Amino acid sequence: MSTQQPPELIIEAGRGEARYWQDLWAFRGLFYFLAWRDILVRYKQTVIGVSWALIRPLITTVVFTVVFGKLARLPSSGDSPYAITVLAALLPWMFFSQALSDCSNSLVGNANLVSKIYFPRLIVPASSVIVSLVDFLIVAVILAVMMVSYQYLPDWRVLCLPFFLVVAFVTALAAGLWFAALNVRYRDFRHIVPFVVQIGLYLSPVGFTSSVVPEQWRFLYSLNPMVGVIDGFRWSLLRGNATIQWDAFAIGILLVVLLLSTGLRYFRKVERTFADVI
Amino acid sequence: MNAPAITIENLGKRYVIAHQGAAVHSFRDLVSGTFRRAGGRLAGRAVEDPRHEEFWALRDLDLEIGKGDVVGVVGRNGAGKSTLLKLLSRITEPTTGRIRFRGRVASLLEVGTGFHPELSGRENIFLNGAILGMGRSEIRRKFDEIVAFSEIEKFLDTPVKRYSSGMYVRLAFAVAAHLEPDILLVDEVLAVGDASFQRKCIGKMRDVADSEGRTVLFVSHNMQSVQSLCNRGVYLKGGRLVDHGDAREVTARYLADLSAVGSERIWSAEDAPGNQECRLRAVRVSGPDSANGIVSSGKEVRVDFEFHIERTPPAFCLGFDLMTSDGAVVLRSNHTDPAEPDWLRAAAGTHTWRCTIPAGLLNAGVYHVCPKIHAHEMYWIAHLDSVVQFEVVLDHGVSPFWNSADALSRPGVISPIFPWQAIPANTTP
Ligand SMILES: Nc1ncnc2c1ncn2[C@@H]1O[C@H](COP(=O)(O)OP(=O)(O)OP(=O)(O)O)[C@@H](O)[C@H]1O
Ligand SMILES: [Mg+2]
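Here is a short report on the structure shown in this document. (Residues numbered from 1 in each chain as written. Chains lettered and ligands numbered in written order. Predicted model: local features only at pLDDT ≥ 70, side-chain atom pairs only at ≥ 80, totals over all residues. Heavy atoms only, no water.)

**Things to note about the overall build of chain A**
Next up, step 1: Each helix and strand in chain A was counted, giving 12 helices and one strand.
Next up, step 2: Along the chain direction, N to C, the helices and strands of chain A fall in the order β-α-α-α-α-α-α-α-α-α-α-α-α.
Next up, step 3: Along the longest, intermediate and shortest principal axes, the C-alpha atoms of chain A span 70 × 45 × 35 Å.
Next up, step 4: Taken across its 278 residues, chain A has 49% of its residues classed as buried.
Next up, step 5: Across chain A, contacts joining residues at least 24 apart in sequence account for 82% of those joining residues at least 6 apart.
Next up, step 6: Of the accessible surface of chain A, which amounts to about 13100 Å², a share of 69% is contributed by carbon and sulfur atoms.
Next up, step 7: If you average the places of the 22 positive and of the 15 negative side-chain charges in chain A, the two averages end up 5 Å apart. (Helix = DSSP H or I, 4+ residues; strand = E, 2+ residues; numbered from the N terminus. Buried < 20%, exposed > 50% of the residue type's maximum accessible area, 1.4 Å probe, protein only. Contact = heavy atoms within 4.5 Å. Areas by Shrake-Rupley, 256 points an atom, 1.4 Å probe, with all protein chains shown as cover. Lys, Arg positive; Asp, Glu negative; His and termini not counted. Charge placed at Lys NZ, Arg CZ, Asp CG, Glu CD.)

If you want it as structure tokens, here you go:
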């Protein structure tokens, strides 16, 4: 039919490199479709799907407010109601923890795809993180409703929110890439990830504010980038009623970048054997 | 102009197999392995892990496949056919060598890859299309055609988990059949699904190859479909290329090699064919007074399948193809052929099921038993070539003419005895 030269493709042992990023772009359609599939499946049974996304943050907020605010009488962020202090932190935390666990399980969960068709494997963990954004939006709506009902509205600082969200996104992706790749070969990581998430919840200032951390430990504590993200969310949403340990946060972000670049390198290195061992 | 569509040079694939029954590595392996390697490096030597063994699934393959050729890839189980297709479709990387394609490649190693049971037929068409490499606009353009081909219009908005297995396969094939690559790689998928739909798919593949000059690489255990569909053949054995050329000659050579199996085949627990649900442990043929796999046509033939069920697969179906030594399938029998209340129950545990081929059916000759275990029309659990054979000597007639010494074999594949009667001249038939 057409006289144009057919596309040529050369596969050579030990040289999958050259076209990788080009391929990643060529397969962007698959990236959208996988994210679209995961979202559809998640909310397909609308009643359970959406209501679960609503109930979980609500109950957690209530429990944390009662335990930390009422029983332990920890201080809230400035003049904000304790429930809002908690939910403003749950918003990035739930996004992060869900993105991290979905990302870690993504390759093993899509084993049938990985072993039956070719595509740059990076698409799978990347698209799985997107899905958590939908839950994030749902929690954000709950928070908005709550803020309106408490008549406690954010100021201009809310415009900085996307920056902190991006940091949370990249942190989840960086750690998730490592876990996803390790999970293919060493299935024990399946048990490690929920544990990491669980511990992370206690180590991050979700139920309390980071002001309760003793001053001499504050810097060390804030090296965890999620501490900076959560403080950042509170700062943006609660009219600046939170302090961000900027120096430690900057180092934390550097650590994340390091984690991401090594994670990418490791992922790329082992990716070519995924189909053989999955 | 006539440059080959695929050029393969020195292609090889090496797998590392873990022993001690540990198919999946554990975290402990990582830790201990890292220390051992570090220790070895300190001592200045390379460390071999005794629990891992290297194994070449494909080795030193040189091959050229011309544009417009339809190539049948044949070989026994484990010969490396799927490995070759996986290398060609870039799912896994070659250990040695290079492959050069001229044209857009698409592969179909399984029907319905990526189908999601919760999604509707419509949604799955888009998803599966994207997975097979079609763009969104391309799928939209072909959507009506795909739906028409699949014959499931009415169920388009039903989640595919409610589909019968036949509908599922139809839909999956329909999407795949509308791919328009220059080079298509197909692995055994045509063997599932009902016969009329298979014919439709094979017809579609042939049209594509004939009219549009596409190149097709087609792995199959069915010699008849290789002979009728393909013009070229490739015969692999133990990871090496044994023969390639005219499809008929190659399949004939393969079939000649195949005739070296006995009347009993037992697998060890490690290499028993099957999946996590069910594994075949042994196949035996015997007759009431047979010796060395030679049975008299006047006696029944018993085919015993010993298998172990870990958990019962959906729509479990055990059967076999009976094949002549020149590759024609005489018949297929499944344990689900009788009425449903009479089916044998496949509970978890080890079973031996016997299929009895009635006396007085088969003609003289050598017959091969090719076991097939599958979840009905959905997926294969074990899809084997000949694993046992038996020879029938003709001796089942009651007529003196049946046993005459020169009638060693009759024309035809089977030789049953039919009733004969005279119709009175004045009655209408
Ligand atoms: N990921 C893997 N890791 C280790 N060994 C493997 C792997 N995949 C395949 N093999 C081995 O490589 C050999 C060739 O396998 P392959 O699947 O290519 O055979 P095949 O010719 O397609 O057989 P069949 O007719 O049963 O489909 C087999 O011995 C198989 O056990
Ligand atoms: Mg195979």
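**Let's talk about the packing of aromatic side chains**
Residues and elements named next belong to chain A.
Next up, step 1: Tallied over the entire structure, the rule returns 24 aromatic pairs over all chains.
Next up, step 2: A ring pair is formed by Trp246 and Phe249, whose centres lie 5.8 Å apart and whose planes are at 50°; its orientation type is tilted. Of this pair, Trp246 and Phe249 both sit in helix 11 (residues 246-271), three residues apart, roughly one helical turn.
Next up, step 3: Residue Phe249 is classed as buried on the basis of its relative accessible area, which comes to 1%.
Next up, step 4: Counting every residue linked through ring pairs, the aromatic cluster contains Phe95, Phe136, Phe169 and Phe233. (Phe/Tyr/Trp six-rings, centres within 6.5 Å; stacked < 30°, edge-to-face > 60°.)

**Some remarks on the environment of Tyr15 of chain B**
Next up, step 1: Inspection of the secondary structure puts Tyr15 of chain B in strand 1 (residues 6-18).
Next up, step 2: For the pair Tyr15 of chain B and Glu54 of chain B, spaced 39 residues apart in the sequence, the C-alpha separation amounts to 5.8 Å.
Next up, step 3: Excluding its chain neighbours within four sequence positions, the residues that come into contact with Tyr15 of chain B are Asp276 of chain A together with Glu53, Glu54, Phe55, Ala57 and Thr83 of chain B.

**Here's the deal with helix 8 (residues 247-258) of chain B**
Residues and elements named next belong to chain B.
Next up, step 1: For helix 8, built from 12 residues, the straight-helix expectation of 16 Å at 1.5 Å per residue is met to within 8% by its first-to-last C-alpha distance of 16 Å.
Next up, step 2: Taken residue by residue, helix 8 has Ala247, Val250, Thr251, Tyr254, Leu255 and Leu258 as its buried positions. Looking straight down helix 8, one finds its buried side chains confined to an arc of 135°; they lie on one side. Those residues of helix 8 that are exposed and aimed more than 90 degrees away from the buried face are Arg248 and Glu249.
Next up, step 3: Looking at the packing, one finds that the buried side of helix 8 touches strand 3 (70-74), helix 7 (223-229), strand 8 (232-237), strand 9 (240-246), strand 14 (316-324) and strand 17 (365-375). (Expected span 1.5 Å × (residues − 1). Arc of directions from axis to C-beta.)

**Some points on the site of ligand 1**
Next up, step 1: Surveying the vicinity of ligand 1 reveals 13 residues, the closest of which are Asp276 of chain A together with Gly78, Lys81, Ser82 and Thr83 of chain B.
Next up, step 2: At the site occupied by ligand 1, the surrounding residues belong to chains A and B.
Next up, step 3: Contact distances for ligand 1 include 2.8 Å between a nitrogen atom and a backbone N or O atom of Asp276 of chain A.
Next up, step 4: Alone, ligand 1 offers 640 Å² of accessible surface; in the complex the protein occludes 70% of this.
Next up, step 5: Residue assignment for the shell around ligand 1 shows that the elements contributing at least two residues are strand 2 (52-65) and helix 2 (81-88) of chain B.
Next up, step 6: It is helix 2 of chain B that contributes the most residues to the shell around ligand 1, three residues altogether.
Next up, step 7: Its residues assigned to classes, the shell around ligand 1 shows four nonpolar, six polar and three charged. (Near = heavy atom within 4 Å. Polar contact = N/O pair within 3.5 Å; in protein donor to acceptor, adjacent residues only side chain to side chain. Nonpolar A, V, L, I, M, F, W, Y, C, P; charged D, E, K, R; others polar.)

**Structural notes on the interface of chain B and chain A**
Next up, step 1: Chain B puts 40 residues into the contact, and the matching count from chain A is 38 residues.
Next up, step 2: Around 3900 Å² of area is buried between chain B and chain A when both sides are counted, 63% of it from carbon and sulfur atoms.
Next up, step 3: Linking chain B with chain A are six salt bridges.
Next up, step 4: When the shortest N-O distance is used, the salt bridge between Glu12 of chain A and Arg98 of chain B registers 3.6 Å.
Next up, step 5: Counting every contact that joins chain B to chain A gives seven residue pairs in polar contact (both at pLDDT 80 or more).
Next up, step 6: At the level of elements, strand 1, helix 1 (27-42), helix 2, strand 4 (96-102) and helix 3 (121-131) of chain B are the ones that each hand at least two residues to the side of chain B that touches chain A. (Buried area = accessible area lost by both parts, 1.4 Å probe. Salt bridge = Lys/Arg side-chain N within 4 Å of Asp/Glu carboxyl O.)

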